[in-house]
Amino acid sequence: MEGKSRHPLREPLRECSLPAALEAMGERWSFLILRAAFNGLHHFEEFQSELGIARNILANRLARLVEHGILARVALPEDRRKIEYRLTGKGEALLPTMVALRQWGERWETGVPAMPVLVDARDRRPIRGVEVHGWDGRVLKKSDLLWSLPEDVAKDAPSALAAE
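Read on for a plain summary of the structure. Every value quoted in this text rests on a predicted model; they were computed, and no experiment measured them.

Definitions and limits used
- Residues numbered from 1 in each chain as written.
- Predicted model: local features only at pLDDT ≥ 70, side-chain atom pairs only at ≥ 80, totals over all residues.
- Heavy atoms only, no water.
- Helix = DSSP H or I, 4+ residues; strand = E, 2+ residues; numbered from the N terminus.
- Buried < 20%, exposed > 50% of the residue type's maximum accessible area, 1.4 Å probe, protein only.
- Contact = heavy atoms within 4.5 Å.
- Areas by Shrake-Rupley, 256 points an atom, 1.4 Å probe, with all protein chains shown as cover.
- Polar contact = N/O pair within 3.5 Å; in protein donor to acceptor, adjacent residues only side chain to side chain.
- Core = buried A, V, L, I, M, F, W, Y, C linked by side-chain atoms within 4.5 Å.

## With respect to the overall build of the chain
In terms of helices and strands, the chain carries 7 helices and 4 strands. N-terminal to C-terminal, the α/β element order of the chain is α-α-α-α-α-β-β-α-α-β-β. Burial analysis of the chain (164 residues in total) assigns 22% to the buried set. For the chain, long-range pairs separated by at least 24 residues make up 44% of all intrachain contacts whose partners lie at least 6 apart in sequence. Accessible surface, the chain: about 13100 Å² in total, of which carbon and sulfur atoms supply 56%.

In structure tokens form, the structure reads like this:
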């Protein structure tokens, strides 16, 4: 297409991992189920009762979260017919995303802090807002960010995938 200017990262962005993440999480109910799991719910009936979700939708969303390795289905040793849904390491890694979405909703949608308040278990002080940090700890804004091809990334830069 001669004459039209193309952004150099248009093609690589088609391989962005955001669509895959959204596919794994699904939609609203999946996030609410995940929030409930972070809050200690483990059983189908607990999720159903707490969320008021239809049983068929809950079964579908739980199956999707298990299929994507976000939750694990665990049979209880005392009664193998009873199943618990437990967060996996992959599921626990969604904590910053969940907190960021909650904080965004407080600021931009409801305008009020959510109850209960999320605090640090050590000192019971409210947590800070989720931020994007540079490799040196600086808080970054959108204007500080730039997409870069792998060959243009600093050679001594740690991989984002290696974090934690």
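## Some points on the side chain of Glu84
You can see Glu84 is positioned in strand β2 (residues 79-87). Among the polar contacts listed, one links the side chain of Glu84 to the side chain of His43, at a separation of 3.5 Å. Here Arg86 takes part through its side chain, which lies 2.7 Å from a polar atom of the side chain of Glu84. Glu84 has contacts with His42, His43, Ala72, Arg73, Val74 and Leu76, leaving out every residue within four places of it along the chain.

## Some points on the nonpolar core
If you look at the biggest cluster of nonpolar residues, it comprises 22 residues, and the most contacted ones within it are Ile33, Phe47, Leu58, Leu62, Ile70 and Leu71. Elements that contribute at least two residues to this core include exactly α2 (18-25), α3 (28-38), α4 (44-51), α5 (55-67) and β2. With 6 residues, α3 is the single largest residue contributor to this core. When neighbours within four sequence positions are excluded, Leu71 is seen to be in contact with Ile33, Ala37, Leu62, Leu65, Val66, Tyr85, Arg86, Leu87 and Thr88.

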